[in-house]
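# Results of the structural survey
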Amino acid sequence: MTTENANDWLNEHGDYLYRFALARLRDPHQAEDVVQETFFAAIKNNSFAEQSSPRTWLTGILKHKIIDVMRKKNRETPASELMHESDANMDEFFDDKGHWVDKPQTWDVPDNLLEQKQFMGVLQKCIDKVPNKLATLFMMRDVEEKDNQEICKELNITTTNAWVMLYRARMGIRKCLEINWIGH
Amino acid sequence: MLNCKQASQLISQSLDKKLSLRERFGLKMHLFICKYCKRFSQQIQKLHVTIHSISKQTEEDENIKLPEEAKKRIVKSMNENIK
């Protein structure tokens with residue numbers, strides 16, 4: 001790949017790659033960075049095969065860069081926050097008999113577009129409140145539709161760990177939505 | 001009989017793996033009698049679908065563009081590194 005090529009490709013696919021990264025990382029700066037790294041990697045190695053489309057090829061590189069960022073976020077979380085099945089502390093949600101502390105209220109994801117937009121805003125804020133590590137796992141699972149084994153391999157955790165973490169993330173996000181959406 | 005804590009755990013897990021026959025049966029029994037967990041289950045499933053669609057929307061929203069400064073920065077770094 002030549003620099004000229006790279007410039008054309010940046011103009012042609014830069015926006016798409018940026019949106020792709022933003023949808024997964026949800027952080028504009030990180031999204032810019034991974035796009036930059038993608039082009040950097042693209043000019044460095046010439047593995048582009050003419051039969052594949054540049055966009056597909058670049059997206060493939062980008063995916064790896066995104067996973068690297070997620071892995072790094074994951075490592076930055078102290079080991080003490082790693083959860084095991086036995087110590088997923090759910091006291092804020094359940095009493096010692098396993099009953100709901102706050103019973104789930106009736107609310108629904110809105111059907112009309114305007115309300116949906118507001119809902120997305122609240123949802124985004126709720127996802128941002130969840131600890132980074134949980135949010136990463138949650139987004140990888142719920143956005144990528146990847147299977148657990150694949151995600152666990154990428155993040156170096158056990159499947160049991162992943163179930164507990166996903167459970168906790170979902171509980172937290174649901175509760176936050178309940179508080180902030182019902183009262184909107 | 002499952003309690004709500006156990007039921008909610010299984011509901012979440014059912015999004016990530018196929019539950020065993022025993023787990024599915026236990027969960028079904030619990031959901032039959034517990035309207036709160038039933039509510040929880042519906043909300044969690046809908047959330048799962050919604051989050052997937054938000055991400056798709058971002059990906060397809062042509063109004064979202066790579067900022068110009070970022071483009072310039074990328075071009076500059078490529079030019080510096082190709083030499």
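Description of the structure in this document.

What counts, and where the lines are drawn
- Residues numbered from 1 in each chain as written.
- Chains lettered and ligands numbered in written order.
- Predicted model: local features only at pLDDT ≥ 70, side-chain atom pairs only at ≥ 80, totals over all residues.
- Heavy atoms only, no water.
- Disulfide = S-S within 2.5 Å.
- Helix = DSSP H or I, 4+ residues; strand = E, 2+ residues; numbered from the N terminus.
- Buried < 20%, exposed > 50% of the residue type's maximum accessible area, 1.4 Å probe, protein only.
- Salt bridge = Lys/Arg side-chain N within 4 Å of Asp/Glu carboxyl O.

Further remarks concern the state of the cysteines. Enumeration according to the criterion identifies one disulfide over all chains in this entry. Residue pairing for A:Cys126: its cysteine sulfur links by disulfide to A:Cys176, the two sulfurs lying 2.1 Å apart. Here the disulfide of A:Cys126 and A:Cys176 is left-handed, its torsion about the S-S bond being about -75°. Of this pair, A:Cys126 sits in helix α4 (residues 113–129) while A:Cys176 sits in helix α7 (residues 159–182), and the two are 50 residues apart along the sequence. We note that A:Cys126, like A:Cys176, is buried. Sulfur of B:Cys34: no disulfide; nearest cysteine sulfur belongs to B:Cys37 and is 3.7 Å away.

This part takes up the pattern of salt bridges. Applying the stated criterion across every chain yields a total of 12 salt bridges over all chains. For A:Asp33, the salt bridge identified is with B:Arg73, shortest N-O distance 3.9 Å. Of the two residues, A:Asp33 is situated in helix α2 (residues 28–44) and B:Arg73 in helix α4 (residues 68–82); the pairing between them involves two chains. By relative accessible area, which is 37% here, B:Arg73 ends up partly exposed. The residue B:Lys56 makes a salt bridge to B:Glu59 at a minimum N-O spacing of 3.8 Å. One end of the pair, B:Lys56, and the other, B:Glu59, are both in helix α3 (residues 35–60), three residues apart, so they sit about a helical turn from each other. Ionic contacts of the salt-bridge type, sharing partners, join the residues A:Asp15, B:Glu68 and B:Lys71 into one network.

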